[in-house]
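Below, each chain spelled out in residue letters.
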Amino acid sequence: MKVAVIGCTHAGTAAIVNTAKCYPDAEITVYERNDNISFLSCGIALYVGGVVKDPHGLFYSSPDQLSDLGVVTKMLHEVTSVDTAGKTLHARNLQTGEEFTDTFDKLIVTTGSWPIIPKLEGIELDHILLCKNYNHSNDIIEKAQHVQNITVVGAGYIGVELVEAFQMNGKNVTLIDSADRILNTLIDSADRILNKYLDHEYTDRIESSLKEHGIKLVLGETVSRFEGTNGKVSKVVTSKGEYETELVILCIGFRPQTDLLKGQVDMLPNGAIIVDNYMQSSCPDVFAAGDSCAIRYNPTGKTAYIPLATNAVRMGTLVARNLVQPTIAYMGTQGTSGIKIYEDNIAGTGLTEAAATDEGMTVEAVTIEDSYRPEFMPTSEKVLLKVVYEQETRRILGAQIMSKVDLTQSINTLSVAIQNHMTIDQLAFVDFFFQPHYNKPWNFLNAAGLQALPTISERNPVTV
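Here is a short report on the structure shown in this document. Since we're looking at a predicted model, the values are computed, not measured.

### Let's talk about the packing of aromatic side chains
All told, the structure shown has 4 aromatic pairs when counted by the stated rule. A centroid spacing of 6.2 Å and a plane angle of 75° characterise the contact between F429 and W442, whose relative ring orientation is edge-to-face. Here F429 is found in the loop between α10 (424–427) and α11 (444–452), whereas its partner W442 is found in the loop between α10 and α11, with 13 residues between them in sequence. The class of F429 is exposed, set by a relative accessible area of 56%. Look at W442 and you get partly exposed, because its relative accessible area is 46%. With 6.0 Å between their ring centres and 75° between their planes, F433 and Y438 make a pair best called edge-to-face.

### Quick word on the pattern of salt bridges
Taken as a whole, this structure holds 21 salt bridges when the rule is applied. Where D259 meets K262, a salt bridge forms, and the shortest distance between an N and an O atom there is 3.3 Å. The burial state of D259 is the same as that of K262; both residues are exposed. It is possible to trace a salt-bridge network through shared partners that takes in D199, E201, E353 and K386.

### Considerations on the pairing of strand β22 (residues 337–341)
Covered by surrounding structure in β22 are S337, I339 and I341 only, the residues G338 and K340 on the alternate face being uncovered. Counting the residues in the hairpin turn of β22 and strand β23 (residues 344–350) gives 2 residues, including Y342, whose phi is positive at 55°.

### As for the sheet that holds strand β15 (residues 242–244)
Sheet strands line up and pair through hydrogen bonds in the backbone, either parallel or antiparallel. Strand order in the open sheet formed by 3 strands is β13-β14-β15, and the pairing between neighbours is antiparallel. Looking at the sheet topology across the chains shown, the edges are occupied by β13 (223–229) and β15. The sheet shows a mean angle of 25° between the axes of neighbouring strands, direction not considered.

### Observations regarding the packing of helix α1 (residues 10–22) against helix α7 (residues 309–322)
At a closest axis distance of 7 Å, the pairing of α1 and α7 adopts a crossing angle of 25°. With respect to α7, the element α1 is oriented roughly parallel. Taken as a pair, α1 and α7 cross one another with a handedness that is right-handed. Note on element contacts: α7 touches α1 through A309, A312, V313, G316, T317, V319, A320 and R321, opposite H10, A11, A14, A15, N18, T19 and C22.

### Things to note about the state of the cysteines
Considering all chains together, one arrives at 0 disulfides under this definition. Between C283, a free cysteine, and C293, which holds the nearest cysteine sulfur, the sulfur-to-sulfur gap is 14 Å. Exposure remark for C283: the relative accessible area of 15% places this residue in the buried category.

### Concerning the environment of N195
Along the chain, N195 turns up in the loop between β11 (172–177) and α6 (200–212). Residue N195 is classed as buried on the basis of its relative accessible area of 1%. Each C-alpha atom of the pair N195 and G301 lies 21 Å from the other, and the pair is 106 residues apart in sequence.

### A word on the environment of G241
Its location among the elements puts G241 in the loop between β14 (232–238) and β15. For G241, a relative accessible area of 17% translates into the label buried. Through-space distance from the C-alpha of G241 to that of E227 is 13 Å; in sequence the pair is 14 residues apart. In contact with G241, not counting residues within four places along its chain, are E221 and V236.

### Remarks on the nonpolar core
Counting 57 residues, the largest nonpolar core has I28, V82, L89, L107, M279, M315 and V319 as its most contacted members. Broken down by element, the residue count for this core peaks at 5 residues, all from α1. Beyond its immediate stretch of four places on either side in the chain, I28 contacts V3, V5, I16, T19, A20, V71 and V72. Counting 40 residues, the second largest nonpolar core, distinct from the first, contains Y157, V160, F166 and L194.

Each value, and the rule that gives it
- The numbering scheme is per chain: residues are counted from 1 as the chain's sequence reads.
- For this predicted model, a pLDDT threshold of at least 70 governs which residues receive local features, and a threshold of 80 or more governs which side-chain atom pairs are given and counted, while totals over whole chains, interfaces and linings are taken from all residues.
- Computation of side-chain values: all heavy atoms of the structure, hydrogens and water removed.
- Note on ring pairs: Phe, Tyr and Trp rings are taken, using the six-membered ring of Trp, and paired if centres are within 6.5 Å. Classes follow the plane angle, with under 30 degrees stacked, over 60 edge-to-face and the rest tilted.
- Strands here are runs of E lasting at least two residues and helices are runs of H or I lasting at least four, both read from the DSSP assignment and numbered beginning at the N terminus.
- Note on exposure labels: buried denotes an accessible area under 20% of the residue type's maximum, exposed denotes more than 50%, and partly exposed covers the range between, all computed with a 1.4 Å probe on protein chains only.
- For salt bridges, the criterion is a side-chain nitrogen of Lys or Arg within 4 Å of an Asp or Glu carboxyl oxygen.
- Note on pairing: two strands pair once DSSP finds at least 2 bridges between them.
- Lines are fitted to the C-alpha atoms to define the axes, a helix being fitted only along its stretch in contact, and any angle between axes, read from their N-to-C directions, falls within 0 to 180 degrees.
- By the definition adopted for this analysis, an angle is roughly parallel if under 35 degrees, roughly antiparallel if over 145, roughly perpendicular if from 65 to 115, and oblique otherwise.
- Take the far helix as your reference; a near helix turned counterclockwise from it by less than a right angle gives a left-handed crossing, and one turned clockwise gives a right-handed crossing.
- Any pair of residues with heavy atoms lying within 4.5 Å of one another is described as a contacting pair.
- Any pair of cysteine sulfurs within 2.5 Å is marked as a disulfide.
- Buried Ala, Val, Leu, Ile, Met, Phe, Trp, Tyr and Cys residues form a nonpolar core when they are joined through side-chain atoms within 4.5 Å.

In structure tokens form, the structure reads like this:
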């Protein structure tokens, strides 16, 4: 079996390693247009902030390691076209310019995503940078050393992590985010950071924390152009104001890199490849995984684009397992994620209340804030937990947590609850252990379920 893999991303590495192990006799060729593979982009802010000193730890594979598995890795090779019907691909060696055609029996597309670059006046100015790969991170670190005033555009996870890193390095930081970039709901103004992931109970506190640390928040303003001096950016102009700067990092979002297969496989409007539960595209011998794909989002049951490293490695592993015949089905995703901002440990899974309403769902939510363990212990930090559930079925749809102590693993528990269609009432009585070092007799997850329980009269109205 001849297997061609395009892109050695998170998903690509997982697919390649597992394909080599599952099919020792397979002839596997990998095409990667960059000069490095398997960079953990989630660690960029840690690298920029100096928490991670050695960036080599952010790589979890190499061409030599793949070679040991019998894989041929063609670095700095760009695939320029694919013929899925004829099972051929055309590639170019970016160092020599040599072009050639290769064939395959199975094609694995793990081309990942690329940052959205707005078509704005002045976008070509120097010191306007992207934040995606290893070379970007080195560029950011090198240029940030020589400036004091830095602007980050986009208040998603990467943008917020970067402004924290820059501030902790002594920089003057401005964070700009456009309301029309994310959700536009009737109940939520969207003039909030992290608004795709968290409801206002959380973002209000995070914004206060950022402001207390001296970060300037410019929310609900759309960047209209950049101005420069001597070829370098010096000003960001928005729909409402102007902001002096020496360095701009664009963190607006990502799009799947799937132009090679346009018109050959089914895709979402944004170009994300639609795959079935076995990672198979609409073309039987073409499989895809990671940020180039759309996947099943369990809270809604719909196909969605959710570019997360966790999704990518699971999907890449499943590609290998299902390459010859359907073996293990994908269970879908809740989009579970987490972030640490200064002293706050934050995580979320599934739908926020705002997002659920935007989906047209009728939902309720329960929010509790309590000590996570008995007050008689020497310390007992508060935990803020919110659980969103469907009004009619009482099915759990999403949850968010925040605390000074790390309780984020509880969100993984609620991710499983969503995946298994548990109700908020069932959550009240799930069996959790009790030990004063860690929790109370009623775990805070139980407490949320108990608070949401209807009274007996509400369940069984009595007519007198």
